[in-house]
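What follows is the residue order along each chain.
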Amino acid sequence: MKSTYSIIYSPVSAVSEERINLGLLMIDDQGTGMLKYSHEKLNMIKNFFSEDGFKLLKSILNTLEKNFNHEQNELLTRKEIKSDLIHYFAYYTNNLISFSSPKEIGLELDENNFAQLFTKWVFKSEVHKQKQIIYPSIKKAKENFIPKVQNRVNIDYKLNADEFDFMVFNMQIDMIGKNDRPVLTQFFDFQANPTSLKNKINEYVSIIKPLELKEMKVGKFFMVGQEPDKDYQNQHVIWNHLQDSPLIKNKILEIIPPSELELIESYFEEHEVRHFVEPD
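Residues numbered from 1 in each chain as written. Predicted model: local features only at pLDDT ≥ 70, side-chain atom pairs only at ≥ 80, totals over all residues. Heavy atoms only, no water.

**Re the overall build of the chain**
Consideration 1: Along its length, the chain carries 10 helices and 11 strands.
Consideration 2: Burial status across the chain gives 49% buried among its 280 residues.
Consideration 3: Here the analysis covers contacts within the chain between residues at least 6 apart in sequence; of these, 66% occur between residues at least 24 apart.
Consideration 4: Of the roughly 15,000 Å² that the chain leaves accessible, carbon and sulfur atoms contribute 47%. (Helix = DSSP H or I, 4+ residues; strand = E, 2+ residues; numbered from the N terminus. Buried < 20%, exposed > 50% of the residue type's maximum accessible area, 1.4 Å probe, protein only. Contact = heavy atoms within 4.5 Å. Areas by Shrake-Rupley, 256 points an atom, 1.4 Å probe, with all protein chains shown as cover.)

As structure tokens, then:
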């Protein structure tokens, strides 16, 4: 498996082209990404900058790392580091940091390989502090789940407004089927950008009642997702509001963690769920 990497660095001198490597961005061919910068090395080079310059550089790196973590699912729809992704990150740097041209490497992206490259190109003593980012787990959970249920439900099915009169706008559904009632499953990253997360949740729940009225049956709706870390305060507010929703309390909508997808699979089997629209 191959990966693509870009080194995050601070240009010390534009004339001599000297630079100090501060971090590493790496993406594999499945769309998984990891980003880390060295807090320790940054503090070691503090004297290279003015007091205000150092504060700004540190703030930029913190913002960069935070925004990558929050928005990774949207940014990594591509399976390689493209120039527009680099430009996205460069927006936050104010020219205090730069990114090396993306390069391909014949290594799988995992915690150990990332740590080895981080040690080689950035800094050594923080190698054991790297954590695996959890965001791609939702994506991978869906990928691993598809083969188990694709004979029962339509996968990544587009509900076109011109085909289904209960739809106002087109919408992509991760999994849709029916038995004695309509059955939908949608995967959510609850640590994604709060605005995007809200929009995706609202879009999903907005079709519940129209679909039930169309089918003249109460539906069964699953959301696959994990409670966000407490550090993600805005996302946690969204999570808590969702828990208080009548849809959840009345069990019309169920939130299933990615580690318990066998519950959905069992429901499909026990209720003989079949495709909502027969495949060609």
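**A closer look at the pairing of strand β3 (residues 33–37)**
Consideration 1: Of all the 5 residues making up β3, 5 are buried; the element is thus mostly covered by neighbouring parts of the structure.
Consideration 2: Residues G33, L35 and Y37 of β3 are buried on one face, and the alternating residues M34 and K36, pointing to the opposite face, are buried as well.
Consideration 3: Across 5 bridges, strand β2 (residues 18–28) lies against β3 in antiparallel orientation. The partner of L25 across the bridge, within β3, is L35. (Pairing = 2+ DSSP bridges.)

**A short note on the confidence of the model for the chain**
Consideration 1: When pLDDT is averaged across the chain, the result is 82; 83% of the residues are at 70 or more.
Consideration 2: Note on residues 73–78: pLDDT under 50 across the span, and 16 contacts to partners over four residues away in sequence or across chains.
Consideration 3: Here residues 127–136 is modelled with pLDDT under 50, and outside its nearest four sequence neighbours on either side it reaches 32 contacts, counting other chains as well. (pLDDT = per-residue confidence, 0-100.)

**Quick word on the environment of Q243**
Consideration 1: Within the element layout of this structure, Q243 appears in helix α8 (residues 233–243).
Consideration 2: For Q243 and E254, which are 11 residues apart along the polypeptide, the C-alpha to C-alpha distance reads 9.6 Å.
Consideration 3: Those residues in contact with Q243, other than ones at most four positions away along the chain, are I248, K249 and I255.

**A few points about the packing of helix α6 (residues 194–206) against α8**
Consideration 1: Two elements in contact, α6 and α8, have axes whose closest approach is 9 Å; the angle formed by their N-to-C orientations is 20°. Here α6 is positioned roughly parallel relative to α8, judged by the angle of their axes. Crossing of α6 against α8: the hand is right-handed. Facing P194, L197, K198 and I201 of α6, the residues of α8 in contact are N234, Q235, I238 and L242.
Consideration 2: Here the residues of the contact of α6 with α8 are counted per class, giving 5 nonpolar, 2 polar and 1 charged. (Axes fitted to C-alpha atoms, helices over the stretch in contact; angles between N-to-C directions. Parallel < 35°, antiparallel > 145°, perpendicular 65-115°, else oblique. Left-handed = near helix turned anticlockwise from the far one by under 90°. Nonpolar A, V, L, I, M, F, W, Y, C, P; charged D, E, K, R; others polar.)

**Section: helix α10 (residues 262–270)**
Consideration 1: Listing the buried residues of α10 in full gives I264, Y267 and F268. Projected down its long axis, α10 carries its buried residues within an arc of 100°, all on one side.
Consideration 2: The positive-phi residue at the C-terminal boundary of α10 is E272, with phi of around 50°. (Arc of directions from axis to C-beta.)

**As for helix α7 (residues 208–215)**
Consideration 1: Of all the positions in α7, only I208, L211 and E212 are classed as buried. Looking straight down α7, one finds that the buried residues subtend no more than 100° of arc, so they occupy a single side. Of the exposed residues in α7, those oriented more than 90 degrees away from the buried face are K209 and L213.
Consideration 2: Elements that come into contact with the buried residues of α7 comprise β8 (182–187), α6, β9 (220–224) and α9 (246–249).
Consideration 3: Count one or two residues on from α7 and you reach M216, which has phi positive near 60°.

**Structural notes on the nonpolar core**
Consideration 1: The biggest cluster of nonpolar side chains holds 27 residues, and the ones touching the most others in it are L159, Y204 and M223.
Consideration 2: At the level of elements, β6 (154–159), β7 (171–178), α6, α7, β9, α8 and β10 (253–256) are the ones that each hand at least two residues to this core.
Consideration 3: In contact with M223, other than residues within four places in its own chain, are Q186, F188, F190, I201, Y204, L242, L253, E254, I255 and I256.
Consideration 4: I20, L25, L35 and F68 belong to the second-largest nonpolar core, a separate cluster that totals 18 residues. (Core = buried A, V, L, I, M, F, W, Y, C linked by side-chain atoms within 4.5 Å.)

**As for the packing of aromatic side chains**
Consideration 1: Counting across every chain of the model gives 7 aromatic pairs.
Consideration 2: Ring centres of F190 and W239 lie 4.9 Å apart, and the angle between their planes is 90°; this geometry places the pair in the edge-to-face category. One end of the pair, F190, is in the loop between β8 and α6; the other, W239, is in helix α8, and 49 residues separate them in sequence. Pair check on accessibility: F190 and W239 agree, each one buried.
Consideration 3: On the basis of an interplanar angle of 80° and a centroid distance of 6.5 Å, the ring pair of Y204 and F221 is categorised as edge-to-face. Taken as a pair, Y204 in helix α6 and F221 in strand β9 lie far apart in primary sequence, 17 residues in all.
Consideration 4: Of the residues examined, Y204 reaches a relative accessible area of 0% and is grouped as buried.
Consideration 5: Through successive ring pairs, a cluster of aromatic residues spans F188, F190, Y204, F221 and W239.
Consideration 6: Taking the ring centre of Y9 as reference, the NZ or CZ of R19 above it sits at 4.2 Å. (Phe/Tyr/Trp six-rings, centres within 6.5 Å; stacked < 30°, edge-to-face > 60°. Lys NZ or Arg CZ within 6 Å of the ring centre and 35° of its normal.)

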